[in-house]
Amino acid sequence: MISHTRFLLCSVAAASLTAMVQPASAAPWQRGFVVATYEYAFRYGGRAGFERAGDIEPGSDCLHGSSVHFANDKNTEAALKQPFRSKYEIEAISRPPGLEQVKAPVLTRFHIWNRAITYRAWKRGIETYVNPWAAEDPGQPEVTGKIATGFNLDGNSNTGGFVSEDGERGIDNALYRAWGCDAPWRGNGNATLHLRANDKMQGGLYTMVIRVSGNKDPMNDDNAIVEIGYSPDKITKNARGDVAADYSYRIVKSEQYTKLKARVRNGVVETEQVEELHAPRIAWFYDHAGDADFRKGKIRLEIAPDGNAKGLIGGYRDWRKLYTENTFAQDGGQQGIREHEDGVALYYALKRNADGMADSKTGEKMGISSTYRITAMPAYVVDSAKPLGVTIIQAEEKRKDAFLAIREATIKSTKTRIVQGVPPGTTQGAFPALERNIQDLPSKEFFLKVLDRPHYPGEAMEIEGERFNLKSGDELPAKPEPSKPAASDKQVRNETASAKVADAR
Amino acid sequence: MKRSLILVFAMTGLCAMPLAALAQTPASAVTPTPPPSDILPMVPSAKPGVYSQQTVSPARFRLTVTGKTFTSREAIEKYLAWRAAELTMAQKGTWFTLNEGRQAGDAGPEPVNDDPARAGKRYSFRMAYWRPVWRYKTAGAANWTVWSPFSGQAFFADGKDPKTISDFEVSADITIRKGTMDGANPLGFEASALSDLLINQVSPPE
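Predicted model, so just to flag it, every value in this text is computed and none were measured. (Residues numbered from 1 in each chain as written. Chains lettered and ligands numbered in written order. Predicted model: local features only at pLDDT ≥ 70, side-chain atom pairs only at ≥ 80, totals over all residues. Heavy atoms only, no water.)

1. Examining the overall build of chain A
Each helix and strand counted, chain A has 12 helices and 17 strands in total. Looking at the 505 residues of chain A, the share that counts as buried comes to 54%. Across chain A, contacts joining residues at least 24 apart in sequence account for 70% of those joining residues at least 6 apart. Surface summary for chain A: the accessible area is close to 22,900 Å², and the carbon and sulfur share equals 52%. (Helix = DSSP H or I, 4+ residues; strand = E, 2+ residues; numbered from the N terminus. Buried < 20%, exposed > 50% of the residue type's maximum accessible area, 1.4 Å probe, protein only. Contact = heavy atoms within 4.5 Å. Areas by Shrake-Rupley, 256 points an atom, 1.4 Å probe, with all protein chains shown as cover.)

This is how it looks when you write it as C-alpha cells:
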C-alpha cells in the first residue's frame, strides 16, 4: 500500500515535471509573421574609416568599391564611344554647350544623358535597354570576396565558389557576385534601392506574410509547414513608424503563394527545397511588382525569443526577368544615371554568371542562384472566408501593361537576337521629357536632331497618364474618361476607390 | 587502283552534295515564311576557302579568314571573332581566350587585367583586345607581307585604296574553355555574348 502510494506520488511528480519541461509537446501550434524588410542578401564588406581615392567604400566584397557608372561627365563620355558617334557629338553630350544658360541645367543634362545612353548599340537606332546584347559590354565591378550569405542550392560543395559566414562550403549566390558591387544594391543597411523598396513595401505597395505551423514544439518540430505569400492588407506601422507587431493579415493562396514542408530545430526553421517557390518579389513600383518565382527554392527562418524573425529565401531566378524588373521600373537610362548603375553591364554580368535552370535543348543557363534576406515581425496570418487575389489598382494598370510589354520585348530580343522596338507607354529614352525640358538650351536643335529616340505609330500617346504629341513631345489635352471603368474580377481593395498610388513612387 | 579510288570519292561527293542540299531545303518548304520581324538572324555561309581552322591541341585552334576583296579591318576581324565564338559553342565551350603570341620587341598596349581606372570591372568581352594578326599581298606582289597589331606600325590598309590589296589573310589562335568565364581576363571572350553582338553585323568576306 505504502509503496503503491509512493509509486502514485512519484508518477504524478514525474508527469508534472515532464509537463513543465515540454508544455506544448503535442499541441498544434502556429506562428505568423509580416515581412518588414526584404532585400537581396548581399554581404557588405566595407570597413568604417577605410578610404581610397576614386573608390566608393572599397572592401573585402568589392575591391574597388561600388559602381560609378555615369557618376560624372568623364564616366558618361567613356560609355558613349560607339563608332557611329563623332568626337564632337560625344563631347557635346558629355558637357552640353550652353547648359549654364538654362533654368534647370542638372535636369536638362540628365535628360540628354538619358537619351544618349539609351542608344549604345553597334549602329544607330537600336534601343539599348530592350536590346542590351547589341551593345558592347561596358563592364561591371563584381564581388571578389569569398564569403557570401545563401544556400548550397545544387547540393554540391565544390560549386558556387562561396563559403557562408558559418563555414558552409558551396554557397550558390551568383547574383551577389554579379550585382553585389552595384551601387544601389550595395551598402551596410543603406543601399539606396534596398531603402527605396523597403520604404514602398512598408508604405503599402505590397505585403508579404509567412506562417509556420506544426504539431509539436514551436522550437523543435520535424514535421512543420511553412506558408509564404502575398497579403492584400497593407502593413501596419506603430507610433514610431516601425512595422507593428501582432496585427492580422489575410494570406492569398491563389498566386505568389507556396506551402513547404519544414523542420524546426532550436527555433531555426528550414524548409525543404521545392521546384517552384512563389512569393512576392522585391519591387518599388506597382508596375514591376509580382511573383519572384524561385526555382529549386527554399527558406530558412530564425525565430528569436521575442517572436521576431529573420531569414533567407533562396533559389534560382530567371536572370532575364531579374534584368527587366530592375531596368524597367521606370526607364533604364533614368535609373542608370540616378543610381550610378549601367543596365547593359548588369545584363552581361547576369548572363556571364548564370549558373542554373539549364535549357534542355541548348544547355544555356537560364537562371542565376540568388538569396533574399528578410526580417519579419510577429503577426496573425489568417485565411480569408472568401477567395482572395492580388490587389489590382486600375489607375496603374496601363503602366503595368507597358512594363509587361517591354519585358516581353526584351526577353524576346535576348533569346532570338532580333532587334525589338520600344513598346508604347514607357518613358524610355527620356521621351518626351527631353523635348519638354530642353526648350531654353541654345544647342537644343543639335540634340533633338542627333540623338535617337523611340518612335511609335500614330500621332499621340499616353505616358504615365498624360497624352503627348509623338512628333513634338508637346502635352495634349486628356481624353475624357469613360463613364464606368471595367472592374477587375479579382480586385481586393484596401484603399478608397479613387485612391491612386502616386505616393508609392 | 589509286585512280579508281579517286573516282569513287568523286562519285560519292557528287551524290552527297545534292543530298546535303536537299536536307537543308525542306525546312523552308514545310515551314511558312515568318514575317520579317520574326526571321532569326543568320550569317551567310562562307565560300570555299574563305574560312579554315586548324586544331593545335584538343582545346586550342588556329582560325583563318582569307579573301581577295578587302572591305574594312573592322568588318573582317569581326567575322573572324564571330567564327571563334561559334566554334567555341560547337565545341561545348562557354568562353575562349585569344593567344596573342607577342614577341620580344613588340609594341602596342598590353591588355590590362584589372587596372584601378576601370574600378575592378569584369567583362564578357572587350572588342578592343580582339587583335588578330594579318598578312596581305598588294597587286602584283609575289610574296605575303605580315602585319601584327603589336608591331607599332599603322594598319597596313590605312590610307590605301582597298583595290590595291589583292589578297589578305587574318588569323587568330584561341583556347576554348568551359564553365563560368573569368571576366577579369582581358583576352577572355564569352562565346554566346560575342555571338549575340556580332550575328547581325557580320558576313563572310570574298
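2. Overview of the interface of chain A and chain B
Contacts between chain A and chain B engage 23 residues on the former and 27 residues on the latter. Both sides together, the interface formed by chain A and chain B hides about 2,300 Å², and carbon and sulfur atoms give 55% of it. Residue Lys351 of chain A is joined to Asp196 of chain B by a salt bridge in which the shortest nitrogen-to-oxygen separation is 3.6 Å. The interface formed by chain A and chain B contains nine residue pairs in polar contact (both at pLDDT 80 or more). Put simply, the parts of the chain that give the side of chain A that touches chain B at least two residues each are β2 (140-141), α9 (343-353) and α10 (394-416) of chain A. (Buried area = accessible area lost by both parts, 1.4 Å probe. Salt bridge = Lys/Arg side-chain N within 4 Å of Asp/Glu carboxyl O. Polar contact = N/O pair within 3.5 Å; in protein donor to acceptor, adjacent residues only side chain to side chain.)

3. Focus on the pairing of strand β9 (residues 268-271) of chain A
All names here are of chain A. Of the two faces of β9, the one lined by Val269 and Thr271 is fully buried and the one lined by Val268 and Glu270 carries no buried residue. Between strand β8 (residues 258-265) and the antiparallel strand that follows it, β9, lie two residues; Asn266 among them carries a positive phi value of about 50°. As paired elements, β9 and strand β11 (residues 294-303) share three bridges and run antiparallel to each other. Across the sheet, the residue bridging to Val269 is Leu301, located in β11. (Pairing = 2+ DSSP bridges.)

4. A few points about the sheet that holds strand β16 (residues 466-469) of chain A
Residues and elements named next belong to chain A. Overall, antiparallel pairing links the three strands, which are arranged β15-β16-β17 in an open sheet. The two strands at the open ends of the sheet, each matched to only one other strand, are β15 (460-463) and β17 (475-476). Both β15 and β16 contribute to a ladder of four bridges, which runs antiparallel. Bridging from a neighbouring strand, Met461 pairs with Phe468 of β16.

5. Brief notes about unusual backbone geometry
All names here are of chain A. For the peptide bond that leads from Phe431 to Pro432, omega is 5°, which places it in the cis range. In this fold, Pro432 is placed in the loop between α10 and α11 (433-437). For Phe70, which is not a glycine, the phi torsion comes out positive at approximately 55°. For Phe70, the location among the structural elements is in the loop between β1 (29-40) and α2 (73-79). For His340, which is not a glycine, the phi torsion comes out positive at approximately 60°. Locating His340 in the fold gives a position in the loop between α8 (332-339) and α9. For His340, a relative accessible area of 26% puts it in the partly exposed group.

6. Concerning the environment of Asn200 of chain B
With respect to the secondary-structure elements, Asn200 of chain B resides in the segment after α4 (191-198). The spatial distance from the C-alpha of Asn200 of chain B to the C-alpha of Leu40 of chain B is 9.7 Å, given a sequence separation of 160 residues. Ignoring anything within four residues of it in the chain, the contact list for Asn200 of chain B reads Trp122, Trp133 and Arg417 of chain A together with Pro41 of chain B. Separated by 3.0 Å, the side chain of Asn200 of chain B and the backbone oxygen of Arg417 of chain A make a polar contact.

7. Section: the side chain of Arg131 of chain B
All names here are of chain B. With respect to the helices, strands and loops of the structure, Arg131 is situated in the loop between β4 (121-122) and β5 (133-138). A polar contact of 3.2 Å, which involves the side chain of Arg131, links it to the side chain of Glu100. Sequence-distant contacts of Arg131, that is, excluding residues within four places in its chain, are made with Leu98, Glu100, Arg102, Pro109, Glu110, Pro111, Pro149 and Phe150.

8. Details of α10 of chain A
With 23 residues, α10 of chain A should cover 33 Å at 1.5 Å per step; its first-to-last C-alpha distance of 33 Å lies within 8% of that length. Of the residues trailing α10 of chain A, Arg417 of chain A is marked for its positive phi of about 65°. (Expected span 1.5 Å × (residues − 1).)

9. Topic: the packing of helix α7 (residues 319-327) of chain A against α9 of chain A
Residue and element names in this part refer to chain A. For the pair α7 and α9, the least separation of the axes is 10 Å and the interaxial angle reads 165°. As far as their axial angle goes, α9 and α7 are roughly antiparallel. Along this stretch, α7 crosses α9, giving a crossing that reads as right-handed. Two secondary-structure elements touch here, α7 through Trp319, Leu322, Tyr323 and Asn326 and α9 through Gly343, Leu346, Tyr347, Leu350 and Lys351. Here the contact of α7 with α9 is composed, by residue class, of six nonpolar, two polar and one charged. (Axes fitted to C-alpha atoms, helices over the stretch in contact; angles between N-to-C directions. Parallel < 35°, antiparallel > 145°, perpendicular 65-115°, else oblique. Left-handed = near helix turned anticlockwise from the far one by under 90°. Nonpolar A, V, L, I, M, F, W, Y, C, P; charged D, E, K, R; others polar.)

10. Thoughts on the nonpolar core
Ranked by internal contacts, the top residues of the largest apolar core, which has 160 residues, are Tyr38 of chain A together with Trp130 and Ile174 of chain B. Looking at which element gives the most residues to this core, the answer is helix α3 (residues 73-90) of chain B, with eight residues. Residues from two domains meet in this core; each of domain 1 (6-43 + 147-391) and domain 2 (73-136 + 405-504) of chain A gives at least three. Residues within four places of Ile174 of chain B in sequence aside, it is in contact with Ala59, Arg60, Phe61, Leu63, Ala84, Leu87, Thr88, Phe96, Thr97, Leu98, Asn99 and Trp130 of chain B. (Core = buried A, V, L, I, M, F, W, Y, C linked by side-chain atoms within 4.5 Å. Domains from an automatic or database assignment.)

11. Here we look at the pattern of salt bridges
Enumeration according to the criterion identifies 42 salt bridges over all chains in this entry. Here Arg73 of chain B ties to Glu77 of chain B by a salt bridge, and the two come within 3.0 Å at their closest N and O atoms. Residue Arg73 of chain B and its partner Glu77 of chain B are both found in helix α3; the two are separated by four residues, about one turn of the helix. Here the salt bridges share partners, and the residues they tie into one network are Asp73, Glu77, Glu91 and Arg95 of chain A.

12. Some thoughts on the domain arrangement of chain A
Residues and elements named next belong to chain A. One can read the domain layout of chain A as domain 1 (6-43 + 147-391) and domain 2 (73-136 + 405-504). Contacts between domain 1 and domain 2 engage 33 residues on the former and 26 residues on the latter. Applying the counting criterion to the domain 1 and domain 2 interface returns two salt bridges. The residue Arg407 makes a salt bridge to Glu325 at a minimum N-O spacing of 4.0 Å. Counting the contacts that link domain 1 with domain 2 gives eight residue pairs in polar contact (both at pLDDT 80 or more). Looking at which element gives the most residues to the side of domain 1 that touches domain 2, the answer is α7, with six residues. Tallied by class, the residues present in the side of domain 1 that touches domain 2 amount to 12 nonpolar, nine polar and 12 charged.

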